[in-house]
Amino acid sequence: MATILITGCDRGLGEEFALQYAAKGDHVIATCLSPADFSARHRLGPNVDVVGLDVTDEGAVLQLAADLQDREIDILINNAGIPGPHLSLADTDLHLWRRMLEVNLIAPFVVSKAFIENVARSEQKVIAFISSRMGSISLNNTGISYAYRSSKAGLNMVMKSFAIDLAPRQICVLGIHPGNVPFAADAGLAASASVNRMREIIAEAGPHQTGTFYNYNGQILPW
């Protein structure tokens, strides 16, 4: 049974990651802003620990790492993030931009750094960053969304540097674009299907894949 730590399980992809890994029988550490709300929505077994965590609170991240210092973490999934809105040049909100950089870029760095030792002691040794193809400079053909694009482009660079720095420890570091997964269940790619495909990528990952930026369907994306 693997141990998976997932950030941002309040809704969407993070919630779905937690449910799918739990159903598989893995030990899940699901972090979220409101553990009570998460627990009220789901009846989960003893293999799921629901933990309150604001990923932008460095002290709280370090405290959780201290609490889990003796635990092996096979898979760390950096999922917590602000998904939008995708504003035009004229409407760009600098306050929101700074908040996105804090949540989407700096927080995953802090979380990953805090749990390196836990991942290094595990069998699978995977750190996954849920990124976006909107962070790809090569694929930017439509402009706008300065805040979100820059936060995910920065995240991709953090992921690549982690991959290089942690390669000697055989830790596989991945970036994954989840596809167009809206909050409305009746439109776009369903979260369940996206997460199922992303779990397949993670399950097959090894040291030779480290530093790769994947689409949810397994396609390698350009930077």
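A brief look at the structure comes next.

1. Section: the pattern of salt bridges
For the coordinates displayed, the defined rule picks out 4 salt bridges. A salt bridge links Lys24 to Asp26; its shortest N-O distance comes to 3.0 Å.

2. Some details on empty space enclosed by the protein
Going through the model one piece at a time under the given rule, you end up with 1 cavity of 30 Å³ or more. If you add up the space inside the largest cavity, you get close to 50 Å³. Lining the largest cavity are Pro85, Leu87, Thr92, Asp93, Leu96, Ser145, Tyr146, Ala147 and Tyr148. Counting residues per element, the lining of the largest cavity draws most heavily on helix H6 (residues 146-166), at 3 residues. Split by residue class, the lining of the largest cavity holds 6 nonpolar, 2 polar and 1 charged.

3. Section: unusual backbone geometry
Comment: phi is negative for the bulk of residues other than glycine, and the bulk of peptide bonds are trans. Note the cis peptide between Gly84 and Pro85, where omega equals 5°. When you line up the elements, Pro85 lands in the loop between strand S4 (75-78) and helix H4 (94-114). For Ile144, which is not glycine, the phi torsion reads 50° and is therefore positive. Among the residues examined, Ile144 registers a relative accessible area of 39% and is labelled partly exposed. Even without glycine at this site, Ser145 takes up a positive phi of about 55°. Since its relative accessible area comes to 2%, Ser145 is described here as buried.

4. Examining the sheet that holds strand S6 (residues 172-177)
Read across the open sheet, the 7 strands follow the order S3-S2-S1-S4-S5-S6-S7; overall the sheet is parallel. Of all the strands in the sheet, just strand S3 (48-52) and strand S7 (212-215) have a single pairing partner and so form its edges. When strand polarity is set aside, the average angle formed by the axes of neighbouring strands in this sheet is 20°. Of the strand pairs in this sheet, strand S1 (residues 3-6) and S4 are connected by 3 bridges, and their pairing is parallel. Each residue of the ladder has a partner; that of Ile4, found in S4, is Ile75.

5. A short note on the packing of H4 against H6
One way to put it is that H4 packs onto H6 with a least axis distance of 8 Å and a crossing angle of 15°. The angle between H4 and H6 falls in the class roughly parallel. For the element pair H4 and H6, the recorded crossing hand is right-handed. Packed against H4, whose contacting residues are Trp97, Met100, Leu101, Asn104, Leu105, Pro108, Phe109, Ser112 and Lys113, the element H6 presents Tyr146, Ala147, Tyr148, Ser150, Ser151, Lys152, Gly154, Leu155, Val158 and Phe162 at the interface. A class-by-class count of the residues in the contact of H4 with H6 yields 12 nonpolar, 5 polar and 2 charged.

6. What to know about the pairing of S4
Burial of the side chains of S4 extends over both faces: Ile75 and Ile77 are buried on one face and Leu76 and Asn78 on the other. When S4 meets strand S5 (residues 126-130), the two strands line up parallel, connected through 4 bridges. Along S5, the bridge assignment pairs Ile77 with Ala128.

7. Considering helix H3 (residues 58-67)
Among the residues making up H3, those that are buried are Val61, Leu64 and Ala65. Projected down its long axis, H3 shows its buried positions confined to an angular sector of 100°, all on one face. Residues of H3 that are buried sit in contact with strand S2 (27-32), S3 and H4. Between the side-chain oxygen of the N-cap and the backbone nitrogen of Gly59 there are 3.1 Å, and the N-cap of H3 in question is Asp57.

8. Quick look at the packing of helix H1 (residues 12-24) against helix H7 (residues 191-204)
At their nearest, the axes of H1 and H7 sit 9 Å apart, and the two run at 65° to each other. Relative to H7, H1 is oriented so that their crossing is right-handed. Here Leu13, Glu16, Phe17, Gln20, Tyr21 and Lys24 of H1 lie close against H7, whose contacting residues are Ala191, Ser192, Ser194, Val195, Asn196, Met198, Arg199 and Ile202. Here the residues of the contact of H1 with H7 sort into 7 nonpolar, 4 polar and 3 charged.

Conventions we followed
- Sequence order sets the numbering: in each chain, residues are counted from 1 along the sequence as written.
- Selection of residues for local features in this predicted model requires a pLDDT of at least 70, selection of side-chain atom pairs for listing and counting requires 80 or more, and totals for whole chains, interfaces and linings are taken over all residues.
- Side-chain measures here rest on the full set of heavy atoms in the structure, leaving out hydrogens and waters.
- The term salt bridge refers to a pairing of a side-chain nitrogen on Lys or Arg with a carboxyl oxygen on Asp or Glu at a separation within 4 Å.
- Only protein atoms enter the 1 Å grid, on which a cavity is a set of points fitting a 1.4 Å probe that cannot get out and a pocket is an open set with protein on both sides within 12 Å along at least 5 of 7 lines, lining residues being those with an atom within 4 Å of a point.
- Grid points are joined across faces, edges and corners, and a volume is the space filled by probe spheres set on the points.
- Under the DSSP-based scheme used, a helix requires at least four consecutive residues in state H or I and a strand at least two consecutive residues in state E, with every element numbered from the N terminus.
- By the convention adopted, Pro, Cys, Tyr, Trp, Phe, Met, Ile, Leu, Val and Ala count as nonpolar, Lys, Arg, Asp and Glu as charged, and the other residues, Gly among them, as polar.
- Only protein chains enter the accessibility calculation, which uses a 1.4 Å probe; a residue whose area is less than 20% of its type maximum is buried, one above 50% is exposed, and one in between is partly exposed.
- Between any two strands, pairing holds if DSSP finds at least two bridges.
- Axes, fitted as lines to C-alpha atoms, cover a helix only where it is in contact. Angles between the N-to-C directions of the axes lie from 0 to 180 degrees.
- Under this scheme an angle from 65 to 115 degrees is roughly perpendicular, one under 35 degrees roughly parallel, and one over 145 degrees roughly antiparallel; angles in between are oblique.
- With the far helix as reference, a near helix turned anticlockwise by less than a right angle produces a left-handed crossing, and one turned clockwise produces a right-handed crossing.
- Note on contacts: a residue pair is in contact if any heavy atoms of the two residues lie within 4.5 Å.
- As used here, the arc belongs to the directions running from the helix axis to the C-beta atoms.
- Polar contacts, as counted here, are pairs of nitrogen or oxygen atoms within 3.5 Å of one another; within protein the pair requires one atom able to donate a hydrogen and one able to accept it, and residues that are adjacent in sequence qualify only if both atoms are side-chain atoms.

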